[in-house]
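Next come the chains, spelled out residue by residue.
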Amino acid sequence: MKLQIDGDGCRLTVFVQGCARRCPGCQNPETQPMEGGRTIDTTAILQQMAENPILSGITFSGGEPFLQPAPLASLARAVHQRGLDVWSYSGFTLEELAQRAPS
Ligand code: SF4
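These notes cover the structure that comes with them. Model, not experiment: these values are computed from the prediction.

What counts, and where the lines are drawn
- Residues numbered from 1 in each chain as written.
- Predicted model: local features only at pLDDT ≥ 70, side-chain atom pairs only at ≥ 80, totals over all residues.
- Core = buried A, V, L, I, M, F, W, Y, C linked by C-beta atoms within 7 Å.
- Buried ≥ 20, exposed ≤ 12 C-beta atoms within 10 Å, placed from the backbone.
- Helix = DSSP H or I, 4+ residues; strand = E, 2+ residues; numbered from the N terminus.
- Contact = placed C-beta atoms within 7 Å.
- Near = placed C-beta within 6 Å.
- Nonpolar A, V, L, I, M, F, W, Y, C, P; charged D, E, K, R; others polar.
- Pairing = 2+ DSSP bridges.
- Right-handed = clockwise from strand over helix to strand, strands pointing away.

Looking at the nonpolar core
Thinking step 1. The biggest cluster of nonpolar side chains holds eight residues, and these are V14, V16, I58, F60, L72, L75, A76 and V79.
Thinking step 2. When residues of this core are traced back to their parent elements, those giving at least two are strand 2 (57-61) and helix 2 (69-81).
Thinking step 3. A total of four residues in this core trace back to one element, the largest contributor, which is helix 2.
Thinking step 4. Here V14 is in contact with I45, I58, F60 and S61, once residues within four sequence places are set aside.

In structure tokens:
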């Protein structure tokens, strides 16, 4: 049996704060308010990853990661450059994400 939590392998998961969806049965309701959580610099997250050589990637969860696209895109690029993978959860549909993408 394969145990999978927030993605394949051993991962660092970032739970972002803020989501307006209010889905019934949300797994992380404490992350829904736009206020709360704590601010962390993406370089600090990369440093945490560097200190754990068994990590295979990072997962963005929440909350809604795509409400904070710029810093998470930067973080994702840096993680990819290290040869690790990136997963992201989202409450947006693919069509909604495409509409939100900068043209
Ligand atoms: S999109 Fe995700 S975080 Fe947002 S309310 Fe729904 S389940 Fe919760």
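There is more to say, and it comes next.
Overview of unusual backbone geometry
Thinking step 1. Here the amide bond leading from G62 into G63 is cis, since omega sits at 5 degrees, within 30 degrees of zero.
Thinking step 2. Its location among the elements puts G63 in the loop between strand 2 and helix 2.
Thinking step 3. The backbone of R22 sits at a positive phi, close to 55 degrees, despite the residue not being glycine.
Thinking step 4. Residue placement: R22 occurs in the loop between strand 1 (11-15) and helix 1 (42-50).
Thinking step 5. The exposure class assigned to R22 is exposed, which follows from the 9 C-beta atoms found within 10 Å.

Focus: the site of the ligand
Thinking step 1. Near the ligand you find C19, R21, R22, C23, C26, N28, T31, Q32, G62, G63, E64 and G91, and these make up its full shell.
Thinking step 2. Classifying every residue of the shell around the ligand gives three nonpolar, six polar and three charged.

What to know about the pairing of strand 2
Thinking step 1. Here strand 1 runs beside strand 2; their pairing, made up of five bridges, is parallel. Across the sheet, the residue bridging to F15 is S61, located in strand 2.
Thinking step 2. Viewed along the sheet, the connection from strand 1 through helix 1 into strand 2 turns out right-handed.
Thinking step 3. As paired strands, strand 2 and strand 3 (residues 85-88) are joined by four bridges and run parallel to one another. Its bridge partner being in strand 3, F60 is matched across the sheet by S88.

Distances and angles like these do not, on their own, reveal function.
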